[in-house]
Amino acid sequence: MPESTATAGWRNWAGNQSARPGRTVAPADAQELAEVVRRAAEEGRTVKAVGSGHSFTSIASADGGVLVRPDRLTAVRAVDAEAGTVTVGSGLPLHRLNRLLETAGLSLANMGDIEVQTVAGATSTGTHGTGRDSGSLAAQIRALEIVLADGTVQHCSPTENAELFQGARLGLGALGVVSEITFGVEPAFLLTAHEQPMSFDEVLERFDDLTAVNEHFEFYWFPHTDRCSTKRNNRSQGPAAPLPAFKAWLEDDFLSNTVWEGVCRVGRRLPGTIPSIAALASRAWSERSYTDTAYKVFTSPRRVRFIEMEYAVPREAATTVLRELKALVERSDWRISFPVEVRVAPADDLWLSTANGRDSVYIAVHLYRGSADQGYFTGVEQLMTAHQGRPHWGKLHTRDAGYLASVYPHFGDFTALRDKVDPGRLFGNDYLRRVLGA
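In this text the structure is predicted, and so the values were computed from the model without any measurement.

S.K.: Explain the overall build of the chain here, please?
M.R.: A count of helices and strands for the chain gives 14 helices and 21 strands. For 438 residues, the compact-globule estimate of 2.2 N^0.38 gives 22 Å, and the C-alpha radius of gyration of the chain, at 21 Å, lies within 12% of that figure. Over its C-alpha atoms, taken along the principal directions, the chain stretches across nearly 60 × 50 × 40 Å. Buried positions account for 58% of the 438 residues belonging to the chain. Long-range contacts, defined here as pairs at least 24 residues apart, represent 73% of the contacts in the chain between residues at least 6 apart.

Quick look at the structure:
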């Protein structure tokens, strides 16, 4: 029988979403999960799986329903270096997957900048990093196992239940509960990171070149300034030359988390100081290079809590959108303490991927927890949607099914599949009703 825990409120990492499920369970395998689903259906309750709570939307909210915790769905099913695959339970955190792969001499091709999410939580919401040629975590899935609304356990891949595979790789939790994922992996590799301050105008003038010649390029622009911090990650033959331990702690942990938390608190209490703080912060980033295991370069600790909105815009519109965003900030009364993050991704074929069918640039804006919005997110969203932007599924936005159907060519394919596998909306909630329709 699946473990049950006392019913208690659930809250996400950022603290902006909460829910009070009717029951919380922690199944250990697909069979126990299937039992949970069948019982919930009999009781007329909805079922929602939750990962580490790193989504800023209510996508995992299970008010009154059954909340599935992933804590025991963490088994490592298979590691096949010859085939280039690893199969793991859906609740395995990315940081454990990374270390498992490192031990086996393997690596994911690309990933985002944090590693605390569960593998299913990350893939189901479209978590991504930055890459010229390599896409999101969901794009690296080779097969998966999912429990559907009728309680059946289905395996799917490009050759088995292909339609379900096409939708479930990035399924928003709307098709069923993913219990197991097979990722494509490759031999472990090193990345050399080169971080360099650069002006806003120079980054945009060189943007095409920087994204073309580097495997992974991203930058942060500090609002109220003309300064950016750029990062270029490229594969290296070695040898490894990681940052010295003290320097890594000082710059990537103490300054980027402990000191930054204090700075954000000052800015929240005294918004008028934010432009001066931004000017100082933008100059605190110095040029540096280091070479290390791939996941150690892709990711870094992030302990300062915030809320976030992110949109993917067509690659060809990126520099126009960014210039319009800078002008929007400059003519407003907003006081923005967090830098704007910009990343890139190649087109892919996942139905609900923000990069479906088009090379994309991701533009993410943040507010420190407890800070007044003052219209920042609303203004940014209006700008992004004017350029056919697609919102990240796990980050704040106000788009509904009508808008989303207009920017996703395969939106209708996904909702038709949902009608087929979950006609009673066992896996529904308010967020999914808004973004997918009733």
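S.K.: Sorry, what's going on with the pairing of strand 4 (residues 23–26) here?
M.R.: Along any regular strand the residues' side chains alternate between the sheet's two faces. Alternating residues of strand 4 divide into R23 and V25 and T24 and A26, and every residue in both groups is buried. Relative to strand 6 (residues 66–68), strand 4 is paired through three bridges, and the arrangement is parallel. Bridge pairing links T24 to L67 in strand 6.

S.K.: Any chance you could explain a nonpolar patch on the surface here in plain terms?
M.R.: A contiguous nonpolar patch, built from F246, W249, F254, L255 and V259 and spanning about 470 Å² of accessible area, is present on the exposed surface. Structurally, F254 is set in helix 7 (residues 245–269).

S.K.: In this structure, what is going on with the pattern of salt bridges? I would like to understand it.
M.R.: Where charged atoms from two side chains of opposite charge approach closely, those side chains can pair. As enumerated under the stated definition, the model contains 29 salt bridges in all. Where D430 meets R433, a salt bridge forms, and the shortest distance between an N and an O atom there is 2.6 Å. In this pair, D430 and R433 both sit in helix 14 (residues 430–436), three residues apart, roughly one turn of the helix. According to the relative accessible area criterion, D430 is exposed, its value standing at 59%. What makes R433 partly exposed here is its relative accessible area of 42%. Because the salt bridges share partners, they merge into one network encompassing E308, E310, E341, R343 and K395.

S.K.: In this structure, what is going on with helix 1 (residues 30–43)? I would like to understand it.
M.R.: An α-helical turn contains 3.6 residues, so a residue and the one three or four places further along point in the same direction. Helix length check: helix 1, at 14 residues, gives a terminal C-alpha distance of 20 Å against a target of 20 Å (1.5 Å per residue), a fit within 8%. Every buried residue belonging to helix 1 is among A30, E32, L33, A34, V36, V37 and A40, and all of these are buried. Measuring from the side-chain oxygen of the N-cap residue of helix 1 to the backbone nitrogen of Q31 gives 3.1 Å; that N-cap residue is D29. G44 sits one or two positions beyond helix 1 and adopts a positive phi of about 75°.

S.K.: I would appreciate a short explanation of the side chain of E341 in the present structure.
M.R.: With respect to the helices and strands, E341 occurs in strand 19 (residues 340–345). At 3.2 Å, the side chain of E341 and the side chain of Y220 are in polar contact. Ignoring any residue separated from it by four or fewer positions in sequence, one finds E341 in contact with D113, E218, F219, Y220, E308, Y362, I363, A364 and H366.

S.K.: Hey, could you run me through unusual backbone geometry in this one?
M.R.: A negative phi angle is the norm for most residues apart from glycine, just as the trans form is the norm for most peptide bonds. Geometrically, the link from G238 to P239 is a cis peptide bond, its omega value of 5° lying close to zero. Among the structural elements, P239 can be located in the loop between strand 16 (227–236) and helix 7. With a phi angle near 50°, N161 is a residue other than glycine that sits in the positive phi range. Judged by its relative accessible area of 37%, N161 falls in the partly exposed class.

S.K.: How should the packing of aromatic side chains be read in this particular structure?
M.R.: Between two aromatic rings, the relevant description is the distance of the centres plus the angle of the planes. Under the defined criterion, the tally for this structure stands at 11 aromatic pairs. When the ring of F306 is compared with that of F338, the centres are 5.4 Å apart and the planes differ by 50°; the resulting orientation is tilted. Placement of F306 in strand 18 (residues 306–314) and of F338 in the loop between helix 10 (318–330) and strand 19 is noted, with a sequence separation of 32 residues between them. For F338, a relative accessible area of 8% translates into the label buried.

S.K.: Would you explain the environment of T57 in this entry?
M.R.: With respect to the helices and strands, the residue T57 is situated in the loop between strand 5 (47–49) and strand 6. Looking at T57, the relative accessible area reads 4%, which means it is buried. At 3.4 Å, the side chain of T57 and the backbone oxygen of W393 are in polar contact.

S.K.: Sorry if this is basic, but what is going on with the packing of helix 10 against helix 11 (residues 376–385) here?
M.R.: Two numbers describe a pair of packed helices, the interaxial angle and the distance between the axes. Axis separation between helix 10 and helix 11 bottoms out at 11 Å; the angle between their running directions is 150°. Relative to helix 11, the element helix 10 lies roughly antiparallel. Crossing handedness for the pair helix 10 and helix 11: right-handed. Listed contacts from helix 11 to V321, E324, L325, L328 and V329 of helix 10 are Y376, G379, V380, L383 and M384. Within the contact of helix 10 with helix 11, the residues separate by chemical class into eight nonpolar, one polar and one charged.

S.K.: So what exactly am I meant to see when it comes to the packing of helix 7 against helix 8 (residues 274–284) here?
M.R.: Across the interface, helix 7 lies against helix 8 with an axial gap of 9 Å and an inter-helix angle of 160°. What the angle tells us is that helix 7 and helix 8 run roughly antiparallel. Between helix 7 and helix 8 the crossing geometry is left-handed. Contact with helix 7, carried on its side by W260, V263, V266 and G267, involves I274, I277 and A281 of helix 8 and no other residues of that element.

Rules of the game
The residue count restarts for each chain, going from 1 along the sequence in the order it is written. Owing to the predicted nature of the model, reporting of local features is limited to residues with pLDDT of at least 70; listing and counting of side-chain atom pairs is limited to 80 or more, with chain, interface and lining totals taken over all residues. Computation of side-chain values covers all heavy atoms of the structure but excludes hydrogens and water. Labels follow the DSSP assignment, with helices taken as runs of H or I lasting at least four residues and strands as runs of E lasting at least two, numbered in each case from the N terminus. Our radius of gyration looks at C-alpha atoms and nothing else; its globule reference is 2.2 Å times the residue count to the power 0.38. For every residue, the accessible area obtained with a 1.4 Å probe (protein chains only) is divided by the maximum for its type, and the residue is called buried under 20%, exposed over 50%, and partly exposed between those limits. The criterion used for residue contact is that any of the two residues' heavy atoms lie within 4.5 Å. A pair of strands is treated as paired once DSSP finds two or more bridges between them. Exposure above 30% relative accessible area and the absence of a salt bridge qualify a residue for a patch, where like charges join within 9 Å and nonpolar side chains (Val, Leu, Ile, Met, Phe, Trp, Tyr) within 5 Å. Computed with the Shrake-Rupley method and a 1.4 Å probe, the accessible areas treat only the protein chains shown as cover for residues. When a carboxyl oxygen of Asp or Glu lies within 4 Å of a side-chain nitrogen of Lys or Arg, that pair is called a salt bridge. To estimate the expected span of a helix, subtract one from its residue number and multiply by 1.5 Å. In the analysis that follows, any N or O atom pair within 3.5 Å is treated as a polar contact, provided that within protein one partner can donate a hydrogen and the other can accept it, and provided that, for residues neighboring in sequence, both atoms belong to side chains. Centres within 6.5 Å are what make two rings of Phe, Tyr or Trp a pair, Trp counting through its six-membered ring; a difference in plane orientation under 30 degrees is then read as stacked, over 60 as edge-to-face, and the rest as tilted. Lines are fitted to the C-alpha atoms to define the axes, a helix being fitted only along its stretch in contact, and any angle between axes, read from their N-to-C directions, falls within 0 to 180 degrees. The labels follow the angle: roughly parallel below 35 degrees, roughly antiparallel above 145, roughly perpendicular from 65 to 115, and oblique for the rest. Here a crossing is taken to be left-handed if its near helix is turned anticlockwise relative to the far helix by less than a right angle, and right-handed if that turn runs clockwise. Nonpolar residues are Ala, Val, Leu, Ile, Met, Phe, Trp, Tyr, Cys and Pro. Charged residues are Asp, Glu, Lys and Arg, and all others, Gly as well, are polar.

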